[in-house]
Amino acid sequence: GESVGLHLPTLSVQEGDNSIINCAYSNSASDYFIWYKQESGKGPQFIIDIRSNMDKRQGQRVTVLLNKTVKHLSLQIAATQPGDSAVYFCAETRPGTYKYIFGTGTRLKVLA
Amino acid sequence: EAQVTQNPRYLITVTGKKLTVTCSQNMNHEYMSWYRQDPGLGLRQIYYSMNVEVTDKGDVPEGYKVSRKEKRNFPLILESPSPNQTSLYFCASSLMVGSGELFFGEGSRLTVL
């Protein structure tokens, strides 16, 4: 498969446990954040997003938490499954710019 | 089905031989962008386009060109490819920056010998 990140931090979790993946973002003016999942050999897939006027947003089995004070974003995956194994990365945008800024990602490994 | 389509998915070429990677989206998105992904470096933006005939450089534009003559298409052109352009390339689109999800294509693996 593709090696999208040979030196990525890795999080190993037991199947069924909860996973927490963290991201520190770069600019306090950023107002929109997205979490992506990238499986080997595929393009990034949208998981969940959050705007800066919110602290928490929930989806199906996933929750994103935003702490603007320390510029920190986290993705929580409940009851982690083997299909969740992938590289996860965050993206941010800020008003008045035309760019998405991406983190380098975390590799999630789900242990059977 | 909403999608971003890139072609080719895989290409091996030689130094100096011009090539084009096509990108098409069917969502009537205004914003389109090209990224390259290299191990340990994450996604780096090459060029982006805010709308038809409006393009601008990203963080790593050297050696690349783009055009946006139609809203749905945003080809990436390598006029004279070099080995340091060996990479995994992604095209992406969104309605507007910060307005919602950035949709990605499946990627184009380019090897320049």
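Residues numbered from 1 in each chain as written. Chains lettered and ligands numbered in written order. Predicted model: local features only at pLDDT ≥ 70, side-chain atom pairs only at ≥ 80, totals over all residues. Heavy atoms only, no water.

Caption draft 1: Broad picture of the pairing of strand S9 (residues 87-94) of chain B. All names here are of chain B. With eight of eight residues buried, S9 lies mostly within the body of the structure. Burial along S9 is two-sided: the residues Ser87, Tyr89, Cys91 and Ser93 and Leu88, Phe90, Ala92 and Ser94 are all buried. Inspection of the sheet shows strand S4 (residues 31-38) paired to S9 by seven bridges, in the antiparallel sense. By the bridge assignment, Tyr35 is partnered in S9 with Phe90. Bridge count for S9 against strand S10 (residues 103-104) is two bridges, and the pairing is antiparallel. Considered in S10, the bridge of Ser93 is made with Phe103. (Buried < 20%, exposed > 50% of the residue type's maximum accessible area, 1.4 Å probe, protein only. Helix = DSSP H or I, 4+ residues; strand = E, 2+ residues; numbered from the N terminus. Pairing = 2+ DSSP bridges.)

Caption draft 2: How the structure looks around the interface of chain B and chain A. With 29 residues of chain B at the interface, the matching set in chain A holds 23 residues. Summed over both sides, the interface between chain B and chain A buries roughly 2100 Å², with carbon and sulfur atoms accounting for 56% of that surface. Taken together, the links from chain B to chain A amount to one salt bridge. Of the charged contacts in the structure, one is a salt bridge between Asp59 of chain B and Lys99 of chain A, with a shortest N-O distance of 2.4 Å. (Contact = heavy atoms within 4.5 Å. Buried area = accessible area lost by both parts, 1.4 Å probe. Salt bridge = Lys/Arg side-chain N within 4 Å of Asp/Glu carboxyl O.)

Caption draft 3: Region of the structure containing the environment of Tyr98 of chain A. Here Tyr98 of chain A lies in the loop between strand S8 (86-93) and strand S9 (101-102). Setting aside residues up to four positions removed in sequence, Tyr98 of chain A forms contacts with Tyr31, Gln45, Tyr48, Met50 and Val97 of chain B.

Caption draft 4: Expanded view of the sheet that holds strand S1 (residues 4-7) of chain B. Residue and element names in this part refer to chain B. Strand order in the open sheet made by the four strands is S1-S3-S8-S7, with antiparallel pairing throughout. Each edge of the open sheet is held by one strand with a lone partner, namely S1 and strand S7 (65-66). Here strand S3 (residues 19-25) runs beside strand S8 (residues 76-78); their pairing, made up of three bridges, is antiparallel. Its bridge partner being in S8, Val21 is matched across the sheet by Leu76.

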